[in-house]
Amino acid sequence: MLDALMLSRIQFAANISFHILFPTITIAMCWFLVFFKVRHDMTGNPVWMRAYRFWVKVFALSFAIGVVSGITMSFQFGTNWPGFMETVGNIAGPLLGYEVLTAFFLEATFLGIMLFGIKRVPNKVHTLATILVAIGTSLSAFWILALDSWMQTPTGFEMRDGVAYPTDWFAIVFNPSFPYRLIHMLLASGLTASFFIAGISAYRILKGDVKKAPRLTLKVSLIVAAILAPTQALVGDFHGLNTLEHQPAKIAAIEGIWETEKGAPLLLFALPDEETKTNKFAIGIPKLASLILTHELDGELKGLNEFENEHPPVAPVFWSFRVMVGLGLLMLALSWFGSYHMVRKGKMPNWMLKVLVGTTFSGWVATLAGWYVTEIGRQPWLVTGVLRTEDAVTSLPASNVAFSLALYLIVYGFLLVAYIRTVFLMARKAVKEEEFETNEPRPDGNLTNVNQPQDNVEGSAKA
Amino acid sequence: MMDAYWLPVIFIGLMGLSVLVYAILDGYDLGVGILLPMGEADEAQRDTMIASIGPFWDANETWLVLAVGIMLIAFPAAHSIVLYHLYIPVAIMLIGLIMRGVAFDFRAKAAVDHKLAWDRTFKAGSILTTLAQGYMLGLYVMGFEGGISTHLFGLLSGLGVTAAYSYIGAAWLVMKTENSLQQRAVAWTKTTGRFCFMGVIAVSIVNPLVNPGVFDRWFDFPLVMFVLLIPALCFAAFLFNDFLLGRLPKENDRHCWVPFSLVMLIFLLCFSALGFSFFPDVVPGQMDIWEAASAPESLIVILIGALIVVPVILMYTAFSYWVFRGKATSLNYH
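Residues numbered from 1 in each chain as written. Chains lettered and ligands numbered in written order. Predicted model: local features only at pLDDT ≥ 70, side-chain atom pairs only at ≥ 80, totals over all residues. Heavy atoms only, no water.

Looking now at the overall build of chain A. A count of helical and extended segments in chain A gives 13 helices and eight strands. Taking 23 Å as the expected radius of gyration for a compact globule of 463 residues, we find that chain A reaches 24 Å, a close match to that expectation. Taking the principal axes of the C-alpha coordinates as reference, chain A spans close to 70 × 45 × 40 Å. By residue count, 60% of the 463 residues in chain A fall in the buried class. Counting only contacts in chain A whose residues sit at least 6 apart along the sequence, the fraction spanning at least 24 positions is 78%. When the accessible surface of chain A is split by element, carbon and sulfur atoms take 66% of a total near 18,200 Å². The average position of the 36 basic charges and that of the 35 acidic charges among the side chains of chain A differ by 17 Å. (Helix = DSSP H or I, 4+ residues; strand = E, 2+ residues; numbered from the N terminus. Rg over C-alpha atoms; globule rule 2.2 N^0.38 Å. Buried < 20%, exposed > 50% of the residue type's maximum accessible area, 1.4 Å probe, protein only. Contact = heavy atoms within 4.5 Å. Areas by Shrake-Rupley, 256 points an atom, 1.4 Å probe, with all protein chains shown as cover. Lys, Arg positive; Asp, Glu negative; His and termini not counted. Charge placed at Lys NZ, Arg CZ, Asp CG, Glu CD.)

So this is what it looks like as structure tokens:
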């Protein structure tokens, strides 16, 4: 049945799934840009600047889509989930307010200087603008994850007449799951941006780009990924332990455990069935889930049956989790293998480049899967123990929601195709661009000859 | 309790300020989008026009997020009512904003033969946004009463707001461009100014007629002698601007900034008039700011932050306008 509740949930899921793709790229990509720019300023090597110039264009495009879809998100709370702000507005409001005040204005304003100001401000100010945009995007993640984590593990408030009132802002922001979730998300963004940069750089090389910049960005991004991937596995483990403590029903769904058991197996494959409350075709490694989650072979894990009508839908959580972890392991292997080739040999075989092109957007899939685990895993609660999703939804007629949902789906589908096509088009354009690769910096470090603008004529027919 | 009285007043002031700043800033860049000439020969002028707003549009749009954010934070009850009634126009406005925002970036990066299509998207997105915003303003002024007259007034208001945004956008171009484009901009400012004037007159007549409370407030003797200064000043600004535009551009581009300043003054006056009509109601005729306000402990927390952060925002915004001062040139990433 598609009532206003279901349609609003689909619309929210569609909006946030589309939106999150772009911050996931830009949060970390901006730090890559900071790195390229600072390296250029320190070494005077123009290859860093070329890397910056190409990726700042991709950044700008990703950022623009992130901004406009983010504005849509900010309206969703009021249009589709009025019960959310009525119940927990006293807490969600200031967190969202601080995001706008400290992050949005900072990134939006300095983005102008970062993109268009290099000839108008001293180089140091331009580098500073890049750093401020990077801080802005990360601050934005800080506030939004503080809110999301609070919804998962609410603390620092009291209920009066069905409305939440803040009692301790420090406890609200630094709620129990916040540090894990924030770091997990920042690392996810790092991996997404790394594989994106690696994929497009590999694509340029495959298309015959003989310049130094794509090789450099390929190497840097793979090394970053090789460091982040195992870190992410470790942080993910801590995050899981934290979830077990605060949201055991979510863990039970992730692991597909129906009956409370000791020495629970880690299921590699299964088809969870909510009707019979069993798993079909389960293949598992004995005792491993207990070992990972309780650090004891015979540790006890609570089953879904202890959370009658209070646990999330099992199959989407169970499967999303496996997609996320599987992709994480793939990224770990690829980044280590790739870094080894780039560092030891300075190049890599063609088949490996092709694999990297294929995994350009692997971070997107892993991040989305991760968010489905955490957000679907929170159901049936919108704010754990405080507000159920079904109690927050709008009383609007379903037809209105269906209308807006159709609009969004059309626009988002179109934009996603346009975005991916344009990124690859930009890569092909860059292959053909003259970059005066032989023109190395002069011994005195003076870059005046090599830093001529050669590309990126924004707003002209030549672009 | 002082807090419970003053905090909502301060926040409605902050929200009003954000709406006004948004209307001026995003107003001019939406206006530039509306005015884009679509002829094939106009491509260079389109490039310059879009370049004139390139470094600013993103930050301009953030004021809308702040305004809606303040309503969400400070007046959640009103936020629910307003967005309930404006669901469809909000969705349309968001689609318009998406179209405008992405077209700006895609136009320069997509394949050359797609550029014109993205320029059309840019223009269409800008028009859709301003029509939707004007329609929402109309419904708001009517207190969300149902019926055909409300929607008609909404449509009228949509056209009025679109004219007003075009007016400020054209005046922005008079200031930021030169040569033949500037001459076209002068002509656009003159025309859109007259449409905007008619829109202001229409809304000024209809508003007190449909809202008896508004009528009483405006024609309350002896205050009327004082408040009528607002329409009088507004009328003078329109008239003077029309007169001045007949003489632009002048030698050495003197006074090219005056039309934009006058339109800002007109926006300020119209906005004060609306505020004067409805304060302290946050949903006209239904709910005042004290009924809609959220808990003082939340408002204090955000107010302290705002008092520290907003001056910093204003400072770096000013810095950005200073960096990109002067005439718009074609946009270069580097």
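Moving on from the coordinates now.
Attention shifts here to the overall build of chain B. Helix and strand counts for chain B come out as 14 helices and two strands. Principal-axis analysis of the C-alpha atoms places the extent of chain B at approximately 60 × 40 × 40 Å. Expressed as a percentage of its 334 residues, the buried residues of chain B come to 57%. Across chain B, the fraction of contacts at a sequence separation of at least 24, relative to all contacts at a separation of at least 6, is 79%.

The subject of this paragraph is the interface of chain A and chain B. On the side of chain B, 69 residues touch chain A, which itself brings 84 residues to the contact. Taking both partners together, chain A and chain B bury about 6,700 Å²; carbon and sulfur atoms supply 73% of that area. Inspection of the chain A/chain B interface yields zero salt bridges. Counting across the chain A and chain B interface gives 10 residue pairs in polar contact (both at pLDDT 80 or more). Listing elements by their share of the side of chain A that touches chain B, those giving two or more residues are α2 (46-80), α3 (82-116), α4 (123-152), β2 (163-166) and α13 (398-432) of chain A. (Buried area = accessible area lost by both parts, 1.4 Å probe. Salt bridge = Lys/Arg side-chain N within 4 Å of Asp/Glu carboxyl O. Polar contact = N/O pair within 3.5 Å; in protein donor to acceptor, adjacent residues only side chain to side chain.)

This next bit is on the pairing of β2 of chain A. Residue and element names in this part refer to chain A. Strand direction decides the pairing type here: strand β1 (residues 157-160) and β2, joined by four bridges, are antiparallel. Residue pairing in the sheet places Phe 157 in a bridge with Pro 166 of β2. As consecutive antiparallel partners, β1 and β2 are separated by two residues, and within that stretch Asp 161 has a phi angle of approximately 50 degrees, a positive value. (Pairing = 2+ DSSP bridges.)

With that out of the way, let us pick up the packing of helix α6 (residues 178-206) of chain A against helix α10 (residues 314-345) of chain A. For any two helices packed against each other, the geometry comes down to the angle between their axes and how far apart the axes lie. Residues and elements named next belong to chain A. Packing of α6 against α10 leaves a shortest axis separation of 12 Å and a crossing angle of 55 degrees. Between α6 and α10, the angle falls in the class oblique. Note that α6 runs across α10; the crossing there is left-handed. Only Met 324, Met 331, Leu 334 and Ser 335 of α10 make contact with α6, whose side of the interface consists of His 184, Leu 191 and Phe 195. The residue inventory of the contact of α6 with α10, partitioned by class, reads five nonpolar, two polar and no charged. (Axes fitted to C-alpha atoms, helices over the stretch in contact; angles between N-to-C directions. Parallel < 35°, antiparallel > 145°, perpendicular 65-115°, else oblique. Left-handed = near helix turned anticlockwise from the far one by under 90°. Nonpolar A, V, L, I, M, F, W, Y, C, P; charged D, E, K, R; others polar.)

Time to look at the pattern of salt bridges. All names here are of chain B. Across all of its chains, the model carries 18 salt bridges over all chains by this definition. The closest approach of N and O atoms between Lys 109 and Asp 105, which form a salt bridge, is 2.4 Å. Of this pair, Lys 109 and Asp 105 are both found in helix α5 (residues 87-109), four residues apart, which corresponds to roughly one turn of the helix. Each member of the pair, Lys 109 together with Asp 105, is buried. Linked through salt bridges whose partners overlap, the residues forming this network are Glu 43, Arg 46, Asp 47, Arg 107, Lys 115 and Asp 119.

The subject of this paragraph is the nonpolar core. Side chains of a nonpolar character, in soluble globular proteins, are inclined to be buried together. Trp 55, Phe 84, Phe 196, Leu 218 and Tyr 419 of chain A together with Phe 75 of chain B are the most contacted members of the largest nonpolar core, which has 224 residues in total. Here Phe 75 of chain B is in contact with Pro 8, Phe 11, Ile 12, Met 15, Ile 70, Val 282, Ile 289, Ala 292 and Ala 293 of chain B, once residues within four sequence places are set aside. Among the nonpolar cores identified, the runner-up in size contains 15 residues, and Ile 251, Ile 254, Ala 289 and Leu 304 of chain A belong to it. (Core = buried A, V, L, I, M, F, W, Y, C linked by side-chain atoms within 4.5 Å.)

On to a negative patch on the surface. Residue and element names in this part refer to chain A. Judged by side-chain charge, Glu 259, Glu 261, Glu 300 and Glu 306 come together as a negatively charged surface patch. Checked against the element boundaries, Glu 300 lands in strand β6 (residues 300-301). What makes Glu 300 partly exposed here is its relative accessible area of 48%. (Patch = residues over 30% accessible without salt bridge, like charges linked within 9 Å, V, L, I, M, F, W, Y side chains within 5 Å.)

All names here are of chain A. Going through the model one piece at a time under the given rule, you end up with 47 aromatic pairs over all chains. A ring pair is formed by Phe 361 and Trp 364, whose centres lie 4.5 Å apart and whose planes are at 35 degrees; its orientation type is tilted. An identical accessibility class is assigned to Phe 361 and Trp 364; each is buried. Every member of this aromatic cluster is reached through a ring pair, and the members are Phe 18, Phe 22, Phe 54, Trp 55, Phe 196, Phe 361, Trp 364, Tyr 408, Tyr 412 and Tyr 419. For the cation-ring pair, Arg 322 lies above Phe 318, with the distance from its terminal atom to the ring centre recorded as 3.6 Å. If you follow Arg 388 out to its NZ or CZ, it ends over the ring of Trp 381, 4.8 Å from the centre. (Phe/Tyr/Trp six-rings, centres within 6.5 Å; stacked < 30°, edge-to-face > 60°. Lys NZ or Arg CZ within 6 Å of the ring centre and 35° of its normal.)

Another aspect to go through is a nonpolar patch on the surface. Together, Leu 268, Phe 269, Leu 271, Phe 281, Ile 283 and Ile 285 of chain A make up an exposed nonpolar region whose accessible area comes to about 560 Å². With respect to the helices and strands, the residue Ile 285 of chain A is situated in strand β5 (residues 278-285).

Moving on, we get to unusual backbone geometry. For residues besides glycine, phi is generally negative; the peptide bonds are generally trans as well. Following Gln 379 of chain A, the chain continues to Pro 380 of chain A via a peptide bond in cis, the omega torsion being 5 degrees. We note that Asp 253 of chain B has phi near 60 degrees; this positive angle belongs to a residue other than glycine. Note on placement: Asp 253 of chain B falls in the loop between α11 (229-245) and α12 (258-278).

Following the criterion strictly, the structure yields nine cavities of 30 Å³ or more and no others. Of the volumes computed, that of the largest cavity is approximately 150 Å³. What lines the largest cavity is a set of 15 residues, among which Leu 101 of chain A together with Leu 14, Leu 66, Ile 70 and Ala 306 of chain B lie closest to the centre. Sort the elements by how many residues they give to the lining of the largest cavity and helix α3 (residues 57-74) of chain B lands first, with five residues. Split into classes, the residues belonging to the lining of the largest cavity amount to 12 nonpolar, three polar and no charged. For the second largest cavity, the calculated volume is near 90 Å³. Taken together, 13 residues line the second largest cavity, and the ones lying closest to its centre are Leu 111 and Leu 115 of chain A together with Trp 57, Asp 58 and Asp 105 of chain B. Residue assignment for the lining of the second largest cavity shows that the elements contributing at least two residues are α2 and α3 of chain A together with α3 and α5 of chain B. (1 Å grid on protein atoms, 1.4 Å probe; cavity = no way out; pocket = protein on both sides within 12 Å on 5 of 7 lines; lining within 4 Å. Points joined across faces, edges and corners; volume = space filled by probe spheres on them.)

Further remarks concern α2 of chain A. Residue and element names in this part refer to chain A. A rise of 1.5 Å per residue sets the reference length of α2, with its 35 residues, at 51 Å; its end C-alpha atoms lie 50 Å apart and thus fit the reference within 8%. Taken as a whole, α2 carries its principal kink of about 25 degrees at Ser 74. Counting buried positions along α2 gives 35 out of 35 residues, so the element sits mostly inside the fold. The N-cap of α2, judged by a side-chain oxygen 3.0 Å from the amide nitrogen of Val 47 a few residues on, is Asn 45. (Expected span 1.5 Å × (residues − 1). Bend = angle between axes of the 7 residues up to and from the residue.)

Let's shift gears to the side chain of His 126 of chain A. All names here are of chain A. With respect to the secondary-structure elements, His 126 resides in helix α4. By relative accessible area, which is 0% here, His 126 ends up buried. A distance of 2.9 Å separates the side chain of His 126 from the backbone oxygen of Met 114, its partner in a polar contact.

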